[in-house]
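# Inside the fold
Each chain is listed here by its residues.
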Amino acid sequence: MPSRILIIEDAPANIQTLSTILKERGYNINIATNGRQGLEVLERIRPDLILLDIMMPEMDGFETCRRIKASTAWREIPIVFLTAKTDTADIVRGFELGAVDYVAKPFNAHELLARVNTHLTLDYLHRENERLQSRIRELMGHFLTNVFVILCAYALVAGSIAGVVRNINTNILISASLLVGILVPAMLIVIKRGPHSWDFFGLTTTNWRPALGEAMAWTLPILVLVLAVKRLIILNPAYSHLSLFSGRMAQNPTHGPYLLQLCIYVALVPVQEFLARGILQGSLQEFLTGPHVVWKAILISNLLFSTLHVHVSPSFALGTFVPGIFWGWLYSRHRTLIGVIVSHILIGAWIFYFVGVHDILL
């Protein structure tokens, strides 16, 4: 849509010259022959630019400019003074009142069009920036609301499952129902109502092969390292009673309740990674600014998520934070949850259900 320019000028010859030059470039023109009439025109339309003569009877350009800039509805409209006066004091006064530029009379068509185009472009960029800032605030509000709601839901489910892990009984069915009945619908609502696609939350198969390959390349050495650390720990007399493989599945791999625990853990990992990586880390990477955005997002998202495990024990919460840094790094490289979920399941199951760390962390 062509830009609209309001000309406030009392000399008919100047009005004719300006109108001819600007209309040839496709601009829409409105005319006012004095300051008061210009203010009346502004009540009806909002131009993209005002060309304002300084020397006018009754209300000069300075007073007209002052009144325009005093209005919250008009103050953002750029004003270019039209003046035959080249006195520095008058030019400075115009800028102090809020004008963005001036054009000297008699008009040079090329100069006039260049200045008009420049300030129309700057005004467009300014308004576009405000629109984007408003959109960012909207997205951030959407993000924070979803994070708080889902983290609260997760805390309830995690607390329930924590009790089940220690005492397997009929409540296991209730906890599994909470997992499916609260968290999964909440996740789907976030995606459906939000402005982003599934890919934004890491729910994509794009790059899944390199993501999975890199995850496995790093995960297998970590499994060996965990075993080596466990070996060093049991050299301490305080833990000498522990075996190298003291996890529940290592001690009794066919025990039904232990198998059920492991299944719940495997089912919970994708939910955890969606929250920690897909929602928290991914959104923070989108909104944070400055240097090291990715690492800031990884650290903050892991800190938030680890605090949800403090109800188990502080050492357990710390234990979730450390590998979370690794999984956050993996996710930042490929932006798919596939490799991260597989790595999380392997490392978590290996640590808790085979090597065994409950007697150390809890």
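Residues numbered from 1 in each chain as written. Predicted model: local features only at pLDDT ≥ 70, side-chain atom pairs only at ≥ 80, totals over all residues. Heavy atoms only, no water.

All right, on to the overall build of the chain then. Along the backbone of the chain there are 13 helices and 5 strands. Relative to its full complement of 362 residues, the chain shows a buried share of 43%. Sequence separation of at least 24 residues holds for 68% of the intrachain contacts in the chain that already meet a minimum separation of 6. Accessible area of the chain: about 18500 Å², with a carbon and sulfur share of 63%. (Helix = DSSP H or I, 4+ residues; strand = E, 2+ residues; numbered from the N terminus. Buried < 20%, exposed > 50% of the residue type's maximum accessible area, 1.4 Å probe, protein only. Contact = heavy atoms within 4.5 Å. Areas by Shrake-Rupley, 256 points an atom, 1.4 Å probe, with all protein chains shown as cover.)

Taken as a whole and judged by the stated rule, the model has 12 salt bridges. Note that Arg115 is salt-bridged to Glu111, the shortest N-O span being 3.0 Å. One end of the pair is Arg115 and the other is Glu111, both in helix H5 (residues 109-166) and 4 residues apart, which spans about a single turn. Looking at Arg115, the relative accessible area reads 26%, which means it is partly exposed. Between Asp123 and Arg127 there is a salt bridge, with the nearest N and O atoms lying 3.0 Å from each other. Taken together, the residues span about one helical turn, with Asp123 and Arg127 both in helix H5 at a distance of 4 residues. With relative accessibility at 5%, the residue Asp123 sits in the buried group. The network of salt bridges with shared partners includes Glu9, Asp53 and Lys105. (Salt bridge = Lys/Arg side-chain N within 4 Å of Asp/Glu carboxyl O.)

What follows covers the packing of helix H10 (residues 293-307) against helix H11 (residues 314-334). To describe two helices that pack against each other, one gives the angle between their axes and the distance between the axes. Their axes nearest at 9 Å, the elements H10 and H11 cross at an angle of 145°. Note that H10 runs across H11; the crossing there is right-handed. Of the residues in H11, those in contact with Val294, Trp295, Ile298, Leu299, Asn302, Leu303 and Ser306 of H10 are Ala317, Thr320, Phe321, Gly324, Ile325, Gly328, Trp329 and Ser332. (Axes fitted to C-alpha atoms, helices over the stretch in contact; angles between N-to-C directions. Left-handed = near helix turned anticlockwise from the far one by under 90°.)

Across the two faces of strand E5 (residues 101-104) the burial differs, with Asp101 and Val103 buried and Tyr102 and Ala104 not buried at all. Sheet topology note: the strand E4 (residues 79-83)/E5 ladder contains 4 bridges and is parallel. Looking across to E5, one finds that Val80 is bridged to Asp101. (Pairing = 2+ DSSP bridges.)

This next bit is on a nonpolar patch on the surface. Residues Leu122, Tyr124 and Leu125 make up a contiguous nonpolar surface patch of about 310 Å² in total accessible area. Here Leu125 is to be found in helix H5. Take Leu125: its relative accessible area is 48%, and that puts it in the partly exposed class. (Patch = residues over 30% accessible without salt bridge, like charges linked within 9 Å, V, L, I, M, F, W, Y side chains within 5 Å.)

Glancing now at the side chain of Asp48. Secondary-structure assignment places Asp48 in the loop between helix H2 (35-44) and strand E3 (49-53). Residues within four places of Asp48 in sequence aside, it is in contact with Ser3, Arg4, Ile77, Pro78, Leu120, Asp123 and Arg127.

This part is about the nonpolar core. Counting residues in hydrophobic clusters, the biggest one holds 33 residues, and the most contacted among them are Trp327, Leu330, Ile347, Ile351, Phe352 and Tyr353. The element that contributes the greatest number of residues to this core is helix H12 (residues 337-355), accounting for 10 residues. Residues within four places of Leu330 in sequence aside, it is in contact with Glu214, Ala215, Val340 and Ser343. (Core = buried A, V, L, I, M, F, W, Y, C linked by side-chain atoms within 4.5 Å.)

The next subject is the sheet that holds strand E1 (residues 4-8). In a beta sheet, neighbouring strands are held together by backbone hydrogen bonds and run either parallel or antiparallel to one another. One open sheet holds the 5 strands; their spatial order is E2-E1-E3-E4-E5, and the pairing between them is parallel. Because the sheet does not close on itself, it has two edges, and the strands there are strand E2 (28-32) and E5. The sheet shows a mean angle of 20° between the axes of neighbouring strands, direction not considered. Packed on one face of the sheet, H2 meets E1, E2 and E3 and runs near 135° to E2.

In the segment running from Lys105 into Pro106, the intervening peptide bond is cis, with an omega of -5°. Residue position: Pro106 is located in the loop between E5 and H5. Phi is positive for Glu58, which is not a glycine, with a value near 70°. Summarising the element assignment, Glu58 is placed in the loop between E3 and helix H3 (61-70). The backbone of Arg335 shows a phi angle near 55°, a positive value even though the residue is not glycine. Note on placement: Arg335 falls in the loop between H11 and H12.

A few words now on the pairing of E1. Of all 5 residues that make up E1, 4 are buried, and the element is covered over most of its length. The pairing of E1 with E2 spans 5 bridges and is parallel. Among the inter-strand pairings, Ile5 is bridged to a residue of E2, identified as Ile29. Note on the crossover from E1 through helix H1 (residues 12-24) to E2: the handedness is right-handed. (Right-handed = clockwise from strand over helix to strand, strands pointing away.)

Right, let's talk about H12 for a bit. Counted at 1.5 Å a residue, the expected span for H12 with its 19 residues is 27 Å, and the 25 Å between its end C-alpha atoms agrees. Ala349 marks where H12 bends most, by close to 30°. The buried fraction of H12 amounts to 14 of the 19 residues, a majority that puts the element mostly inside the structure. Positive phi appears at Gly356, one or two residues downstream of H12, with a value of about 85°. (Expected span 1.5 Å × (residues − 1). Bend = angle between axes of the 7 residues up to and from the residue.)

Keep in mind these numbers describe shape, not what the thing actually does.
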